[in-house]
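Notes for the structure review
Now for the letters of each chain:
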Amino acid sequence: MTTKERLQALCSLNGPSGFEHPVSEKAAELLRQVGMDEVTVDKMGNVLGVRRCGKPGAKKLLLDAHLDEIGLMVTGIQDGYLRFRSIGGVDPRMLPARALNILTDPPIFGVVACLPPHVQTAEEAENSIPIKDLFIDIGMTQEQAEKAVPIGTPITYRGGCFELGNVQMCGKSMDDRACFTILLRAAELLADKELDVDLYILGSTREEVSGVGAIVSTNRVIPDFCVAVDVTHGRTPDAPKDRACELGGGPAIGVGPNMTHWMTRRMKAKCKENDWPYSLEVMEGHTGTNGWHMQICQEGIATSVVSLPLKYMHTPIEVLNLNDVEAVANLLAAFTVGLGEEAETIC
């Protein structure tokens, strides 16, 4: 499969935090296709692939990207309409008139009810509607809805991803399945390379609500180094210039207290050696990634955060540049080769 095909396959699936199993199954299948020696799925749905280098006492490198997406959950039914709360950081502005997947068995279609502009007050027209005041229309009566939709049913945005222009892709759940696609591509690039570390690739769960999937898996692997690969804000005309990265500008390398300094320097060095464009992302505190949690597992893990620029994060129309996907994969592959030997002189 191509990188684009993998991305489309993963983003077409529905897997909000805590309900990632369909995505986990696909992620495991894709990991097997890129030559992992072993692939497992744990009780939380975390998917872990390992490629052993065959050297006695080899150090372990863990690359992580999360599989879950933001979503909603049914809390009640009123006059046949569903009431709901958010799973993760859902922007209420995205919801009115939005098409949704209600993840019953089988899934059903729903739309978020909205008032036409003709009957809105001036205040309603100027402000977003709180989630507690929104309803989902599933075209059913109260009795039908109560039979069809159990309380606690998860919900996702409808759709997968599609081309936007020549090199960009647009769709839901790019955060962070695009980065898991990057890990698959990095494994491909490393397929014929001799390694001096055991390489672990993790598709973690529940990042959008707690990060516990990465915590569980990191404590299981006990790596010597880990890299959290996630998305960061892509530049748009209205975005703060100091908090956004240009699409097409390559990876964003995290700099700050969550990152182990020698790993940050090595990431930058690999880009400079190969004349690859990159940007530095200053992360002065909590990075909002699994790296924050992985760093303090066991007695502490050397950690790096590398990000993929993404426009319109946490919406159903997230946008990325496929050239950046390849660029981040190239950096991770270059960082992996020779890591064990170099780390011996640093750690």
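Look up: the structure comes first, before these words.
Residues numbered from 1 in each chain as written. Predicted model: local features only at pLDDT ≥ 70, side-chain atom pairs only at ≥ 80, totals over all residues. Heavy atoms only, no water.

**Examining the side chain of lysine 270**
Under the convention used in this document: Note on conventions: DSSP H or I runs of at least 4 residues are helices, E runs of at least 2 residues are strands, and numbering of each starts at the N terminus. Categorising residues by exposure relies on relative accessible area from a 1.4 Å probe, with only protein chains included: less than 20% of the type maximum marks a residue as buried, more than 50% marks it as exposed, and the intermediate range marks it as partly exposed. Residue contacts are defined here by distance: any two heavy atoms, one from each residue, within 4.5 Å place the two residues in contact.
With respect to the element layout, lysine 270 can be found in helix α7 (residues 261-273). Take lysine 270: its relative accessible area is 13%, and that puts it in the buried class. With near-sequence residues (within four places) excluded, lysine 270 lies in contact with Trp276, Leu331, Ala334 and Phe335.

**Here's the deal with the pairing of strand β9 (residues 154-157)**
Strand residues, when the strand is regular, have side chains that alternate between the two faces of the sheet. Stated formally: Think of it this way: DSSP has to see at least two bridges between two strands before they count as a pair.
Two strands pair when backbone bridges link them, and strand β4 (residues 71-78) and β9 are joined in this way by two bridges, in the antiparallel orientation. Bridging from a neighbouring strand, leucine 72 pairs with isoleucine 155 of β9. Where strand β6 (residues 99-102) meets β9, three bridges bridge the pair, whose relative direction is antiparallel. For asparagine 101, the partnering residue across the bridge sits in β9 and is threonine 156.

**Some points on unusual backbone geometry**
Residue proline 106 follows aspartate 105 across a cis peptide bond; omega there is 0°. Structurally, proline 106 can be placed in the loop between β6 and β7 (108-112). With an omega of 20°, the peptide bond running from aspartate 175 to aspartate 176 counts as cis. Its location among the elements puts aspartate 176 in helix α5 (residues 174-189). Even without a glycine there, the phi angle at alanine 97 is positive, about 70°. You can see alanine 97 is positioned in the loop between β5 (81-87) and β6.

**Concerning the packing of aromatic side chains**
Put simply, the rule is: Only Phe, Tyr and Trp rings are paired, with Trp represented by its six-membered ring, and only when their centres lie within 6.5 Å; those with planes under 30 degrees apart are stacked, over 60 edge-to-face, the remainder tilted.
Per the counting criterion, the structure on display carries two aromatic pairs. Ring plane angle 80° and centroid distance 6.3 Å describe the contact between tyrosine 81 and phenylalanine 135, whose orientation is recorded as edge-to-face. In this pair, tyrosine 81 sits in strand β5 while phenylalanine 135 sits in the loop between α3 (122-126) and β8 (136-137), placing the two residues 54 residues apart along the sequence. Given the relative accessible area of 24%, phenylalanine 135 is considered partly exposed. Residues phenylalanine 225 and tryptophan 262 carry aromatic rings whose centres are separated by 5.8 Å and whose planes lie at 85° to one another, so their mutual orientation is edge-to-face.

**As for the nonpolar core**
Short version of the rule: Here, nonpolar core means buried Ala, Val, Leu, Ile, Met, Phe, Trp, Tyr and Cys residues that are tied together by side-chain atoms lying within 4.5 Å of each other.
Counting residues in hydrophobic clusters, the biggest one holds 59 residues, and the most contacted among them are Phe180, Val227 and Leu320. Residues within four places of phenylalanine 180 in sequence aside, it is in contact with Leu10, Ala27, Leu31, Ala65, Leu67, Ile201, Leu202 and Gly203. Core analysis: the second largest hydrophobic core is formed by 20 residues, Ile131, Leu134, Ile138 and Ala145 among them.

**Things to note about the pattern of salt bridges**
The test is simple: A side-chain nitrogen of Lys or Arg and a carboxyl oxygen of Asp or Glu constitute a salt bridge if their distance falls within 4 Å.
Taken as a whole and judged by the stated rule, the model has 16 salt bridges. Linking arginine 185 and glutamate 326 is a salt bridge whose minimum nitrogen-to-oxygen distance equals 3.0 Å. With arginine 185 in helix α5 and glutamate 326 in helix α9 (residues 322-336), the pair connects residues that are 141 residues apart, well separated along the chain. When its relative accessible area of 27% is taken as the criterion, glutamate 326 is described as partly exposed. Bridged by salt links that share partners, the residues Arg6, Arg185, Glu188 and Glu326 form one connected network.

**Focus: the pairing of strand β11 (residues 168-171)**
The alternating pattern of β11 places Gln168 and Cys170 and Met169 and Gly171 on opposite faces, both of which are buried. Note that strand β10 (residues 161-164) and β11 share four bridges and pair antiparallel. Residue pairing in the sheet places phenylalanine 162 in a bridge with cysteine 170 of β11. Counted along the chain from β10 to the antiparallel partner β11, the turn is three residues long, and its residue glycine 165 has a positive phi close to 75°. Looking at chain direction, β11 and strand β17 (residues 318-321) are connected through four bridges and run antiparallel. Residue pairing for β17: glycine 171 is matched across the bridge by glutamate 318.

**Some points on the packing of α7 against α9**
The cut-off we apply is this: Angles here are taken between N-to-C directions and fall from 0 to 180 degrees, while the axes themselves are lines fitted to C-alpha atoms, restricted in helices to the stretch in contact. Angle categories are assigned with fixed cut-offs, so that under 35 degrees is roughly parallel, over 145 is roughly antiparallel, 65 to 115 is roughly perpendicular, and the rest are oblique. For a crossing to be left-handed, the near helix must be turned anticlockwise from the far one by less than a right angle; the clockwise case is right-handed. Amino acids are sorted into nonpolar (Ala, Val, Leu, Ile, Met, Phe, Trp, Tyr, Cys and Pro), charged (Asp, Glu, Lys and Arg) and polar (every other residue, Gly among them).
Direction vectors running N to C along α7 and α9 enclose 115°, while the axes themselves pass 9 Å from each other. As the angle between them shows, α7 and α9 are arranged roughly perpendicular. α7 and α9 meet at a crossing whose hand is right-handed. Between α7 and α9, the contacting residues are Met263, Arg266, Met267, Lys270 and Cys271 on the first element and Leu331, Leu332, Ala334, Phe335 and Thr336 on the second. Split by residue class, the contact of α7 with α9 holds seven nonpolar, one polar and two charged.

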